[in-house]
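Now for the letters of each chain:
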Amino acid sequence: MKRKFIVGALLVAFTTLAQADITVGVTLSATGPAASLGIPEKNSVSLLPTTIAGQKVNYIVLDDASDTTTAVKNTRKLISENKVDVVIGSTITPNSLAMVDVVAEAETPMISMAASARIIDPTNPKTKWVFKTPQNDTHMSTAIIEHMINSGVKTVAFIGFNDAYGEGWFQEFSKIAEVRKLKIVANERYSRADTSVTGQVLKIVAAKPDAVLIAGAGTPAALPQVALQERKYAGKYYQTHGVANNDFLRVGGKNVEGTFLPAGPMLVAAQLPNDNPVKKSALAYTQKYEAAYGKGNVATFGGHAWDAGLLLEAAVPAALKKGQPGTKEFRAALRDGLEGVKDLPGAHGVFNMSPGDHLGFDQRARVMVQIQNGAWVLVK
Amino acid sequence: MDLQIALLLGQDGITNGAIYALLSLALVLVFAVTRVIFIPQGEFVAFGALTLASFQAGKTPGTLWLLLGAGFVVAIVDLVVAWRRRKWRRVPAILGWNLVYPALMAGLILSIEPSKWPLLAQISLALALVVPLGPMMYRLAFQPLAEAPVLVLLIVSVAVHLVLVGLGLVFFGAEGSRAASFSDVSLDIGEFSITGQTLAVVLTSGVLIVVLYQFFGRSLYGKALRATAINRTGARLMGISTVMAGKLSFLLAAGIGALSGILIAPITTVYYDTGFLIGLKGFVGAIIGGLASYPVAAVGAVAVGLLESYSSFYASAFKEVIVFTLIIPMLLWRSLTTRHVEEES
């Protein structure tokens, strides 16, 4: 009996020793349609801190191929097999939404890198465990509409991806546009793999809008703009923050000159005024990324993964006092810690979390940017 | 919709339809000769376009490494077979095509800068790099299974497609590329203008279809392919090598695919996975032709292009749905009108 007790005690001791490291599970879309977002995120995860408050941090990175089912499978695997303390991911909204149920059931905090505000919808009790780092679509669409109204735009045409991204943008955009008396004269969709958008573009040109908003991500967003240019459309062009990488400039070339878009301040970090609180933290990330992966390769999407790391760095020290990593207490304390993050400057803005807002960004998390001479220029 | 919009949409539809027509011809060809439903067809489109774009961007395309690797594996497999059967006379040809040729290409591409070459030379180089992958793919994936049922061949075909898409992501990255336009000329007829690129696509497709027609009608190899398509066993008894027929059909399919890719590269942004959807629309055309008739497949593919173009104007959100729903009435019509021949197993 006594011996059994000792063996048991030893076992407990060993398991706690073996699980003393903090385990972070990451699932992201490094392949599939969202690969252009997932790859810089994956690169950024390898730059995240390996020790926090003297405690070793292990990262387990899985690829979900931009597929919802795989993202859920990965999350279950990370929680049940790897016993992770926190899940980071996934890259895109559909995947993140599907993961919410899994992490809530296992009472494990999750930090999503996808844009939609629905992921952290405070009216859903399950989102108690869910946080996210990218700006909401609302942040970005208010910025666009503000800019449109200030430059005298009265009518606007919308063309977006025929998926959750385009649909989400249209809902946000049309809601605010209605309030601000901006008329949407055309609403078109195209898919990422389309080789031609002539039909949609002809319809837009025929509606004669003052401006066109293209809601696409990455290089596919260049296609409608090139087609509009070919049809000699002379109005203003707006893109979304989904295009903020250098490949878009490469593919768009002269055709995207003069385009306006809202973006995280990280995109133009060096041009920010010195008193901007985000400048320092954004530059820190940019420099670290470029040192590891080459100059000019940094993309704003990677910043969301970096910000997830910053949030952990801020929340873990207090949580360690309440429980050992690997235990339920630690996970709960970590969740509370994440919810209590205040005034933390990240690559994309300043986090001020609260129970009603698991993102915590304000107006400082976005700037308007114009493409001038093939470069991103801050609009003042 | 006024006349001008209708004409522009028609022009767009015919341009895309011409590409789908080429791909549907290749699909019919491969299926008739080898009974393989050639899903990786689209990857040749993407590889052709992206290889050309890499040359123009001054990068070494990843397809070069694929050619070297595939050539190496084919050489080993073929050498083992030749050694077992003591057919030493084959060795020089095996080494020449699978090791020396890729090595020469590598030497050529690495020593010169293709970005400074004229467009035609870049296109030839891209074709020379991508097209040999077709017969190599046949040798590795399909030749050992040549007698397997259609379903097994289809499953292997899906597997090959997935492997190539994965390699495409590694080689070319997640973001797309565009190639420089062939010509900036545009023909103006009244208010209606036709771009040089559209003309290039339609003319090339037309010429290629005529060349293929002549090839099948007049040349010995073309007749051998047709004979294999009509009756495999009979063709073999007449001394036509089915392996040769298989490799030749894959060579043609790869050539058509890569050329289609090169044709669309200046019109649109091509991604590592763009080819699949384009190939699928060619497949709808091929289905309309019952995977047997070349002219019906070509007409069907152009119809797909036109349908796609007009539906993108009227209901852009449902474009893909409309295009792919077309397959259902077509299958119904075909299964009601054609007599079903039991496949011999």
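### Looking at the overall build of chain A
For step 1, the next point in the chain: If you tally the helices and strands in chain A, you get 12 helices and 15 strands.
For step 2, the next point in the chain: Taking 21 Å as the expected radius of gyration for a compact globule of 380 residues, we find that chain A reaches 22 Å, a close match to that expectation.
For step 3, the next point in the chain: Each principal axis of the C-alpha distribution contributes one length, and for chain A these read about 85 × 40 × 40 Å.
For step 4, the next point in the chain: Split into buried and exposed, the 380 residues of chain A put 58% on the buried side.
For step 5, the next point in the chain: In chain A, once contacts between residues fewer than 6 apart in sequence are set aside, the share between residues at least 24 apart is 67%.

### Considerations on the interface of chain A and chain B
For step 1, the next point in the chain: Counting residues at the interface gives 32 residues for chain A and 29 residues for chain B.
For step 2, the next point in the chain: Carbon and sulfur atoms supply 51% of the area that chain A and chain B bury against each other, a total of about 2400 Å² over both sides.
For step 3, the next point in the chain: Three residues stand out in chain A for area buried against chain B, namely A:R192, A:T195 and A:L202, and they jointly supply 22% of the buried area on that side.
For step 4, the next point in the chain: Summed over the shared surface of chain A and chain B, the number is two salt bridges.
For step 5, the next point in the chain: A salt bridge links B:D273 to A:R192, with the nearest nitrogen and oxygen atoms 3.6 Å apart.
For step 6, the next point in the chain: Scanning the region where chain A abuts chain B turns up 17 residue pairs in polar contact (both at pLDDT 80 or more).
For step 7, the next point in the chain: Counting only elements with at least two residues in the side of chain A that touches chain B, the list comes to helix 2 (35-45), strand 8 (183-190), helix 7 (198-207), helix 8 (222-230) and helix 9 (246-252) of chain A.
For step 8, the next point in the chain: Counting residues per element, the side of chain A that touches chain B draws most heavily on helix 7 of chain A, at six residues.

### Observations regarding the sheet that holds strand 6 (residues 130-132) of chain A
All names here are of chain A.
For step 1, the next point in the chain: Across the sheet, which stays open at both edges, the six strands sit in the order 2-3-1-4-5-6 with mixed pairing between neighbours. Both edges of this open sheet fall to strand 2 (51-52) and strand 6, since each of them pairs with a single strand only.
For step 2, the next point in the chain: As paired strands, strand 4 (residues 86-89) and strand 5 (residues 110-112) are joined by two bridges and run parallel to one another. Residue pairing for strand 5: I88 is matched across the bridge by I111.
For step 3, the next point in the chain: Contacting strand 1 (22-28), strand 3 (55-63) and strand 4, helix 3 (residues 68-80) runs over the sheet at an angle of about 170 degrees to strand 1.
For step 4, the next point in the chain: The strands touched by helix 12 (residues 328-339) are strand 1, strand 4, strand 5 and strand 6; relative to strand 6, the strand with the most contacts, the crossing angle is about 40 degrees.

### So, a nonpolar patch on the surface
Residues and elements named next belong to chain B.
For step 1, the next point in the chain: Nonpolar side chains collect at one region of the surface, where F72, V73, I76, V80, L95, L99, V100, L104 and L140 lie side by side and expose about 720 Å² of accessible area between them.
For step 2, the next point in the chain: Contributing elements (two or more residues each) for the nonpolar patch: helix 3 (63-84) and helix 4 (91-111).
For step 3, the next point in the chain: As for its placement among the helices and strands, I76 is situated in helix 3.

### Structural notes on the packing of aromatic side chains
For step 1, the next point in the chain: What the rule picks out here adds up to 20 aromatic pairs over all chains.
For step 2, the next point in the chain: Ring geometry for B:F142 against B:F250: centres 5.3 Å apart, planes inclined by 45 degrees, an arrangement best described as tilted. Separated by 108 residues along the polypeptide, B:F142 in helix 6 (residues 133-142) and B:F250 in helix 11 (residues 242-264) bring together distant segments of the chain.
For step 3, the next point in the chain: Overall, B:F142 belongs to the buried group, its relative accessible area being 1%.
For step 4, the next point in the chain: Among the aromatic side chains, those forming a connected cluster through ring pairs are B:F38, B:F44, B:Y138, B:F142 and B:F250.
For step 5, the next point in the chain: The ring of A:W129 has A:R335 sitting right over it, with the charged end atom 6.0 Å from the ring centre.
For step 6, the next point in the chain: B:R86 extends its terminal NZ or CZ atom over the ring of B:W83, reaching a point 5.4 Å from the ring centre.

### Quick look at the packing of helix 7 of chain A against helix 8 of chain A
All names here are of chain A.
For step 1, the next point in the chain: Remark: helix 7 packs on helix 8, axes separated minimally by 10 Å, with the N-to-C direction vectors making an angle of 55 degrees. As far as their axial angle goes, helix 8 and helix 7 are oblique. In this structure, the crossing between helix 7 and helix 8 has a hand that is right-handed. Contacts between helix 7 and helix 8 involve V201, I204 and V205 from the first element and P224, A227 and L228 from the second.
For step 2, the next point in the chain: Classifying every residue of the contact of helix 7 with helix 8 gives six nonpolar, no polar and no charged.

### Comments concerning helix 5 (residues 137-150) of chain A
All names here are of chain A.
For step 1, the next point in the chain: Helix length check: helix 5, at 14 residues, gives a terminal C-alpha distance of 20 Å against a target of 20 Å (1.5 Å per residue), a fit within 8%.
For step 2, the next point in the chain: The secondary structure elements touched by the buried residues of helix 5 are strand 7 (155-161), helix 6 (164-179), strand 9 (211-215), strand 10 (236-239), strand 11 (260-263) and strand 14 (367-372).
For step 3, the next point in the chain: Directly beyond the C-terminal end of helix 5, a positive phi value near 80 degrees is found at G152.

### Focus: unusual backbone geometry
For step 1, the next point in the chain: Residues A:G89 and A:S90 are joined by a peptide bond in cis, for which omega reads -5 degrees.
For step 2, the next point in the chain: Among the structural elements, A:S90 can be located in the loop between strand 4 and helix 4 (93-106).
For step 3, the next point in the chain: Here A:K208, not a glycine, exhibits a phi torsion of approximately 50 degrees, which is positive.
For step 4, the next point in the chain: In this fold, A:K208 is placed in the loop between helix 7 and strand 9.
For step 5, the next point in the chain: Relative accessible area serves as the criterion here: at 66%, A:K208 is assigned to the exposed category.
For step 6, the next point in the chain: Positioned with a positive phi, B:R86 is a non-glycine residue whose angle comes to about 55 degrees.
For step 7, the next point in the chain: With respect to the secondary-structure elements, B:R86 resides in the loop between helix 3 and helix 4.
For step 8, the next point in the chain: Residue B:R86 is classed as exposed on the basis of its relative accessible area, which comes to 53%.

### Side note on the domain arrangement of chain A
All names here are of chain A.
For step 1, the next point in the chain: By the assigned domains, chain A splits into domain 1 (2-135 + 287-364) and domain 2 (137-263).
For step 2, the next point in the chain: When each unit is reduced to the centre of its C-alpha atoms, the spacing between domain 1 and domain 2 is 32 Å.
For step 3, the next point in the chain: Contacts between domain 1 and domain 2 engage 12 residues on the former and 10 residues on the latter.
For step 4, the next point in the chain: Counting each side, the surface lost to burial between domain 1 and domain 2 is near 1100 Å², with a carbon and sulfur contribution of 55%.
For step 5, the next point in the chain: On the domain 1 side of the contact with domain 2, P33, Q135 and F301 bury the most area, a combined 39% of that side's loss.
For step 6, the next point in the chain: Here domain 1 is connected to domain 2 by zero salt bridges.
For step 7, the next point in the chain: Between the two partners, domain 1 and domain 2, sit one residue pair in polar contact (both at pLDDT 80 or more).
For step 8, the next point in the chain: Looking at the side of domain 1 that touches domain 2, its residues break down into seven nonpolar, four polar and one charged.

Reading guide: rules and limits
Residues numbered from 1 in each chain as written. Chains lettered and ligands numbered in written order. Predicted model: local features only at pLDDT ≥ 70, side-chain atom pairs only at ≥ 80, totals over all residues. Heavy atoms only, no water. Helix = DSSP H or I, 4+ residues; strand = E, 2+ residues; numbered from the N terminus. Rg over C-alpha atoms; globule rule 2.2 N^0.38 Å. Buried < 20%, exposed > 50% of the residue type's maximum accessible area, 1.4 Å probe, protein only. Contact = heavy atoms within 4.5 Å. Buried area = accessible area lost by both parts, 1.4 Å probe. Salt bridge = Lys/Arg side-chain N within 4 Å of Asp/Glu carboxyl O. Polar contact = N/O pair within 3.5 Å; in protein donor to acceptor, adjacent residues only side chain to side chain. Pairing = 2+ DSSP bridges. Axes fitted to C-alpha atoms, helices over the stretch in contact; angles between N-to-C directions. Patch = residues over 30% accessible without salt bridge, like charges linked within 9 Å, V, L, I, M, F, W, Y side chains within 5 Å. Areas by Shrake-Rupley, 256 points an atom, 1.4 Å probe, with all protein chains shown as cover. Phe/Tyr/Trp six-rings, centres within 6.5 Å; stacked < 30°, edge-to-face > 60°. Lys NZ or Arg CZ within 6 Å of the ring centre and 35° of its normal. Parallel < 35°, antiparallel > 145°, perpendicular 65-115°, else oblique. Left-handed = near helix turned anticlockwise from the far one by under 90°. Nonpolar A, V, L, I, M, F, W, Y, C, P; charged D, E, K, R; others polar. Expected span 1.5 Å × (residues − 1). Domains from an automatic or database assignment.

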